[in-house]
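If you want the building blocks of each chain, they are given just below.
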Amino acid sequence: MSTNQSQSQTMAIIGAQWGDEGKGKITDFLSQYADYVVRFQGGNNAGHTIIVDGKKTVLHIIPSGILSGHCISVIGHGVVLDPEVFKKEVDSLIAADVKVTGANLKVSLNANVITRYHQLLDQTRENAKSSEKKIGTTGRGIGPTYEDRTSRRGVKVADLFNKDILKEKLELILQEKEVLFKELYKIEYPSINEEIERLYELGQYIFPFVADTFSLLDKALSENKKVLYEGAQGVLLDIDYGTYPFVTSSNTSIGGIYTGAGIPGHNVDEVLGIFKAYTTRVGGGPFPTELNTPIGAHIQDKGKEFGATTGRQRRVGWLDVPLLRYAVKASNLTAIALTKMDVLEDLEELQICYAYEYDGKEYDQTFPGMDLSKVKPLFKTVPPFKKIMDDQGKLTDDAISYIRMVEQMAGIPVKMVAYGPERQQLHLVENTLGFLN
Ligand code: GDP
Ligand code: IMO
Ligand code: MG
């Protein structure tokens, strides 16, 4: 199933599972065709890996367009920014000879800042939970920073340049947290003055990069520039559409673009859902197709399934079609990039979950509120494949059969197939991505 797509100006990269689908790799590739690459939600809980000519770059907060020197990378206002991580990442990119200046990297003045208090609260809260209640957060302060944004007392990037404003904001956010730190958790925390000095200094570093990114993108779109929106995490980690409460604290699906970066006067023309040919998850929460078997261990090992942010081992399972169908609907996906096909090469047994049994009924798609810890996954065995690509660089017939099956079940076409971590290990279904036209 392949549909020709007329030219498109805007495209979104959306993780369609529980994160780590290969968004960084796909964004890096597509950024060669983009004028702007925009992060719109999440923070440095993300870990996006790019490998070009054997050289590995892991990005947590900077958009994966940064390696394409011609394009402008934008951190939109929906992102929560840890200024220390931002500085470290910029410094290490510059040390690796990547061009990073105030001209090709822009940070929204309106993004919310992750402070030490947010990190401490995130980590301490998680530690205090019993093992079955632990979300398994990345401990980067993401949840508490979004909480303060919603309760209208967040520190914005624009606040970093004035110590009086910083003082006022930090007093407000510490007011209740202080009680928790002192009385409930009994932990040490930095004084307001220490935090003002640290953040102010980091603000001076960030100053050359800041911009009104909403107006920047508005102008870019009106000038017909090509804009690629890079999602972090995945649909099943979305605060509203995900497997609540085992989710992150932002809208990781398509809606996050409209609230977290703005796309004035436009729609997203193409929404590329990134799927692994199997499923992984880091952290807690139900996982219907999880494999605690030697095959699972093999996939984990061959796919190098370790978190790019925390180094934790990722849980591994078969492809889960009821989740896939739901992600297509929840994020309005128009096409699929299927990644890590190579990891399944040579397996003697290949299965996919085509439906769930739940409450005495069969479902081919999940829905919000379905208790995934109570579903029985129904599997079917599918023909395994020996190789993805033949010696002429074409997809093998076996790989094509697997891809056709995924398309048929998802109801949308596969337009990209990744078969290795390198930028070039990517097959494009010819003339189907409008963004490349
Ligand atoms: P992201 O968070 O969605 O950007 O994904 P991560 O970078 O956290 O995890 C994906 C991992 O798989 C990274 O180590 C990539 O280098 C690697 N990767 C991406 N695509 C492929 C692929 O098609 N095959 C293999 N073997 N590895 C891939
Ligand atoms: P990328 O962009 C995979 C998971 C955490 C935890 C839950 C909440 O690399 O795909 P948080 O720190 O956000 O409050 O943690 O979400 N999580 C991710 N899992 N990939 C990610 O990002 C993730 N970002 C957060 O493991 O279960
Ligand atoms: Mg990742």
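Conventions adopted
- Residues numbered from 1 in each chain as written.
- Chains lettered and ligands numbered in written order.
- Predicted model: local features only at pLDDT ≥ 70, side-chain atom pairs only at ≥ 80, totals over all residues.
- Heavy atoms only, no water.
- Helix = DSSP H or I, 4+ residues; strand = E, 2+ residues; numbered from the N terminus.
- Rg over C-alpha atoms; globule rule 2.2 N^0.38 Å.
- Buried < 20%, exposed > 50% of the residue type's maximum accessible area, 1.4 Å probe, protein only.
- Contact = heavy atoms within 4.5 Å.
- Lys, Arg positive; Asp, Glu negative; His and termini not counted.
- Charge placed at Lys NZ, Arg CZ, Asp CG, Glu CD.
- 1 Å grid on protein atoms, 1.4 Å probe; cavity = no way out; pocket = protein on both sides within 12 Å on 5 of 7 lines; lining within 4 Å.
- Points joined across faces, edges and corners; volume = space filled by probe spheres on them.
- Nonpolar A, V, L, I, M, F, W, Y, C, P; charged D, E, K, R; others polar.
- Near = heavy atom within 4 Å.
- Polar contact = N/O pair within 3.5 Å; in protein donor to acceptor, adjacent residues only side chain to side chain.
- Areas by Shrake-Rupley, 256 points an atom, 1.4 Å probe, with all protein chains shown as cover.
- Domains from an automatic or database assignment.
- Salt bridge = Lys/Arg side-chain N within 4 Å of Asp/Glu carboxyl O.
- Pairing = 2+ DSSP bridges.

Colleague: Even after reading the chapter, I still don't get the overall build of the chain, so can you show me in this structure?
Modeller: Across its full length, the chain carries 11 helices and 20 strands. The C-alpha atoms of the chain give a radius of gyration of 22 Å, which matches the 22 Å a tight globule of 437 residues would have. Each principal axis of the C-alpha distribution contributes one length, and for the chain these read about 65 × 50 × 40 Å. Here the chain holds 437 residues, and 57% of them are scored as buried. Excluding contacts between residues fewer than 6 apart, the proportion of contacts in the chain whose partners are at least 24 apart in sequence is 76%. For the chain, the centre of its 49 positive side-chain charges and the centre of its 56 negative side-chain charges are spaced 1 Å apart.

Colleague: Help me out: how do you make sense of empty space enclosed by the protein in this one?
Modeller: Empty space among the atoms becomes apparent when a probe as large as a water molecule is rolled across them. Throughout the structure, instances matching the rule amount to one cavity of 30 Å³ or more. In this structure, the largest cavity encloses a volume near 40 Å³. If you trace the largest cavity, you find it lined by Ala16, Gln17, Leu236, Phe275, Thr279, Leu319, Asp320, Leu323 and Leu324. Only β14 (319-320) and α10 (321-330) provide two or more residues apiece to the lining of the largest cavity. Split by residue class, the lining of the largest cavity holds six nonpolar, two polar and one charged.

Colleague: How should I be thinking about the site of ligand 1 in this particular structure?
Modeller: Taken together, 18 residues lie around ligand 1, and Gly22, Lys23, Gly24, Gly47 and Asp342 are the ones closest in. In the environment of ligand 1, an oxygen atom lies 2.8 Å from a nitrogen or oxygen atom belonging to the backbone of Gly22. Contact between ligand 1 and Lys23: an oxygen atom at 2.7 Å from a main-chain N or O atom of the residue. Protein contacts shield 93% of the accessible area of ligand 1, which totals 580 Å² for the unbound molecule. Those elements that provide at least two residues to the shell around ligand 1 are α1 (23-30) and β3 (48-52).

Colleague: So what exactly am I meant to see when it comes to the site of ligand 2 here?
Modeller: Contacts to ligand 2 come from 20 residues, most closely from Asp20, Lys23, His48, Thr138 and Thr248. Here an oxygen atom of ligand 2 and a side-chain polar atom of Asn45 are 2.9 Å apart. One nitrogen or oxygen atom from the main chain of Val282 is found 3.1 Å from an oxygen atom belonging to ligand 2. For ligand 2, whose unbound accessible area comes to 550 Å², protein coverage reaches 98%. Among the residues making up the shell around ligand 2, the classes are represented as seven nonpolar, 10 polar and three charged. Both domains that furnish three or more residues to the shell around ligand 2 are identified here as domain 1 (10-107 + 212-436) and domain 2 (112-209).

Colleague: Teacher, can you tell me more about the pattern of salt bridges here?
Modeller: Working definition: two side chains of opposite charge can pair if their charged atoms are close together. Per the counting criterion, the structure on display carries 26 salt bridges. Across the pair Glu305 and Lys340 runs a salt bridge, and its minimum N-O distance is 3.0 Å. Of this pair, Glu305 sits in the loop between α9 (294-302) and β13 (315-317) while Lys340 sits in the loop between β15 (335-339) and β16 (350-358), placing them 35 residues apart in sequence. Given the relative accessible area of 0%, Glu305 is considered buried. With a closest N to O distance of 3.0 Å, Lys374 and Asp371 form a salt bridge.

Colleague: I tried to follow the sheet that holds strand β7 (residues 105-108) on my own but got confused; where do I start?
Modeller: Pairing in this open sheet of 10 strands is mixed, and the strands run β9-β7-β5-β2-β10-β1-β11-β15-β19-β20 from one edge to the other. Single-partner strands in this sheet number two, and they are β9 (210-211) and β20 (426-428). Examined bridge by bridge, strand β2 (residues 36-39) and strand β5 (residues 72-75) share four bridges and lie parallel to one another. Bridging from a neighbouring strand, Arg39 pairs with Ile75 of β5.

Purely spatial values, then, with no claim about function.
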